[in-house]
Amino acid sequence: MNEGDHDVVVIGGGQAGLAVAYYLRRAGIDFLMLDAEDRPGGAWLHAWDSLHLFSPATYSSLPGWPMPPSRSDGFPSRDEVIDYLTRYEQRYAFPIERSCHVETVERDPERLCLQLRNGRTFTARAVVSATGTWSAPYIPDHPGRELFRGGQLHSAEYRSPIPFAGKRVLVVGGGNSGAQILAEVSALAETVWVTLKDPVFLPDDVDGRVLFERASARVRGDFDQASTTTLGDIVMVPPVKEARDRGVLKSVRPFLRFTIDGVLWADGTETHVDAVLWCTGFRPATGHLRSLGVVGPDGRIEVVDQRAVEEPRLWLQGYGNWTGAASATLIGAGRTARELAPRIKAALQMPASFI
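The protein chain carries the name Cation diffusion facilitator CzcD-associated flavoprotein CzcO in an unreviewed UniProt entry, which gives Aquamicrobium ahrensii as its organism.

Student: Looking at this structure, I do not really get the packing of aromatic side chains. What am I missing?
Tutor: Each aromatic ring pair is summarised here by two numbers: the centre-to-centre distance and the angle between the ring planes. As enumerated under the stated definition, the model contains 17 aromatic pairs in all. An angle of 55° between the planes, with centres 5.9 Å apart, marks the rings of Tyr 84 and Tyr 88 as tilted. Residue Tyr 84 and its partner Tyr 88 are located together in helix H2 (residues 78–92), separated by 4 residues, close to a single helical turn. Residue class for Tyr 88 comes out buried when judged on its relative accessible area of 0%. The interplanar angle of 25° and the centroid separation of 6.2 Å between the aromatic rings of Tyr 158 and Phe 164 together place this pair among those described as stacked. Since its relative accessible area comes to 9%, Phe 164 is described here as buried. Joined through ring pairs, the aromatic side chains of Tyr 22, Tyr 23, Phe 31, Trp 65, Tyr 84, Tyr 88, Tyr 92 and Phe 94 make up one cluster. Just above the ring of Tyr 138 sits the side chain of Arg 283; from NZ or CZ to the centre is 3.7 Å.

Student: Please clarify how the environment of Asp 205 should be interpreted in this entry.
Tutor: Take Asp 205: it is sitting in the loop between strand S9 (190–194) and helix H4 (208–220). Sequence separation of Asp 205 and Val 237 is 32 residues, and the distance between their C-alpha atoms is 9.8 Å.

Student: What is the right way to look at the pattern of salt bridges in this model?
Tutor: Note on pairing: side chains with opposite charge can pair once their charged atoms come close. Enumeration over the complete set of coordinates arrives at 17 salt bridges. With a shortest N-O distance of 3.8 Å, Glu 80 and Arg 71 are connected by a salt bridge. The exposure class of Arg 71 is exposed, given its relative accessible area of 66%. The partner of Arg 313 in a salt bridge is Glu 311, with the nearest N and O atoms 2.9 Å apart. Both residues of the pair, Arg 313 and Glu 311, count as buried. Taken together, the shared-partner salt bridges connect Asp 35, Glu 89 and Arg 98 into one network.

Student: Would you mind showing me how to read unusual backbone geometry here?
Tutor: Most peptide bonds take the trans configuration, and most residues that are not glycine carry a negative phi. Look at Ala 93: it is not a glycine, yet its phi comes out positive at around 50°. Topologically, Ala 93 is positioned in the loop between H2 and strand S3 (96–97). A positive phi angle, near 50°, is found at Ala 326, a position not held by glycine. On the secondary structure map, Ala 326 appears in the loop between strand S17 (314–316) and helix H7 (330–348). Classification of Ala 326 as buried rests on a relative accessible area of 3%.

Student: What's the story with the environment of Arg 300 in this structure? I'm lost.
Tutor: Within the element layout of this structure, Arg 300 appears in the loop between strand S14 (275–278) and strand S15 (303–304). C-alpha separation for the pair Arg 300 and Ile 331, spaced 31 residues apart in sequence, amounts to 22 Å. Dropping the residues within four chain positions of it, Arg 300 is found in contact with Pro 284, Val 294, Val 295 and Trp 322.

Student: Help me understand the packing of helix H1 (residues 15–26) against H7, please; the structure alone is not making it clear to me.
Tutor: Two quantities define a packed helix pair, namely the angle between the helix axes and the distance between the axes. It is the contact of H1 with H7, at a shortest axis distance of 8 Å, that shows an interaxial angle of 40°. Between H1 and H7, the interaxial angle falls into the category oblique. As H1 packs across H7, the resulting crossing turns out to be right-handed. Between H1 and H7, the residues in contact are Gln 15, Ala 16, Ala 19, Val 20, Tyr 23 and Leu 24 and Leu 330, Ala 333, Gly 334, Ala 337, Arg 338, Leu 340, Ala 341 and Ile 344, respectively.

Student: What is the right way to read the sheet that holds strand S11 (residues 257–258) from this model?
Tutor: Strand order across the open sheet formed by 3 strands is S11-S12-S13, with antiparallel pairing between neighbours. Each end of this open sheet is capped by a strand with a single partner; those strands are S11 and strand S13 (270–272). Sheet topology places strand S12 (residues 262–264) next to S13; 3 bridges connect them, and they run antiparallel. Bridge assignment links Gly 262 to a residue of S13, and that residue is His 272.

Student: Explain the pairing of strand S8 (residues 168–172) here, please?
Tutor: Looking down a regular strand, the side chains alternate between one sheet face and the other. Judged by how many residues are buried, S8 sits mostly within the fold: 4 of 5 residues are covered. Relative to S9, S8 runs parallel, the two sharing 5 bridges. Within S9, the position partnered with Val 171 by the bridge is Trp 193.

The rules behind each value
- Residues numbered from 1 in each chain as written.
- Predicted model: local features only at pLDDT ≥ 70, side-chain atom pairs only at ≥ 80, totals over all residues.
- Heavy atoms only, no water.
- Phe/Tyr/Trp six-rings, centres within 6.5 Å; stacked < 30°, edge-to-face > 60°.
- Helix = DSSP H or I, 4+ residues; strand = E, 2+ residues; numbered from the N terminus.
- Buried < 20%, exposed > 50% of the residue type's maximum accessible area, 1.4 Å probe, protein only.
- Lys NZ or Arg CZ within 6 Å of the ring centre and 35° of its normal.
- Salt bridge = Lys/Arg side-chain N within 4 Å of Asp/Glu carboxyl O.
- Contact = heavy atoms within 4.5 Å.
- Axes fitted to C-alpha atoms, helices over the stretch in contact; angles between N-to-C directions.
- Parallel < 35°, antiparallel > 145°, perpendicular 65-115°, else oblique.
- Left-handed = near helix turned anticlockwise from the far one by under 90°.
- Pairing = 2+ DSSP bridges.

Listed below in structure tokens is the structure:
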């Protein structure tokens with residue numbers, strides 16, 4: 001049974017979905033949001049307990065309403081971001097239905113049909129997928145991983161260092177998540193940090209504001225402003241600085257393979273390991289779109305200006321640079337949504353056969 005037809009359905013109620021909703025409302029477009037979570041907060045609901053932004057609140061806001069300053073006078077915490085997203089949603093009273101997991105999106109002659117896990121069905125003239133990446137963690141297929149008897153946990157499931165106290169832990173993967181998780185786990189456990197290459201640490205006085213602008217400039221092709229900075233470069237937030245002072249921010253190159261109780265290195269030596277923390281990133285959570293035949297092996301979809309090339313009624317928001325410069329960040333989600341809404345409105349004004 002079709003429970004509702006709308007001009008636009010937005011799949012996902014996290015930061016990317018909220019940013020799109022803000023501009024769709026300003027454009028006067030009829031829309032509905034479907035979110036798989038049972039409460040506001042998006043991916044931030046699943047982040048580890050001590051996670052903080054690495055930009056000030058003033059540089060981490062969605063459109064229309066600034067994020068309040070952090071109560072700690074530092075960078076906003078995970079809980080403060082969740083509180084902000086909750087109040088942002090309440091402030092604008094967006095039409096949103098929760099605990100709505102979209103299983104598939106299928107073609108109809110004039111609409112896209114969304115089938116939910118609970119059996120409900122919605123149709124729309126256009127669909128914006130804003131499901132992010134958090135529900136699609138990536139772990140490389142490292143030789144022998146299935147034989148390893150120790151614990152394995154992706155950063156998507158990591159909450160705190162307490163379960164690893166007194167153990168020998170391999171932290172695999174660089175970037176900000178790898179550095180921040182290493183920083184707090186190494187205070188309670190013996191750690192080895194494994195990265196493909198030497199991590200790049202930003203100067204102590206550079207935070208996420210500079211990182212975002214330089215990375216965005218790179219996407220725009222403004223290489224004079226971009227320098228060599230990328231969103232994978234490590235911001236020296238307080239826990240990472242403290243770990244540097246303890247001398248633990250040293251990484252080694254990848255091991256050859258897993259053994260039953262550890263790993264084997266290129267020089268033939270073996271290290272016993274109790275647990276592995278995979279900080280190896282994510283893939284786009286686009287499984288619900290595979291029924292359209294537009295999803296590549298890496299989860300990405302070919303887009304031009306955020307519009308799917310092979311299905312022009314489908315739009316993508318918030319998955320990373322391929323859907324707009326730094327679109328997976330709070331401030332980037334707002335900037336790309338501002339560009340997306342007028343494109344959707346223009347498409348909806350065209351005859352159905354051209355959409």
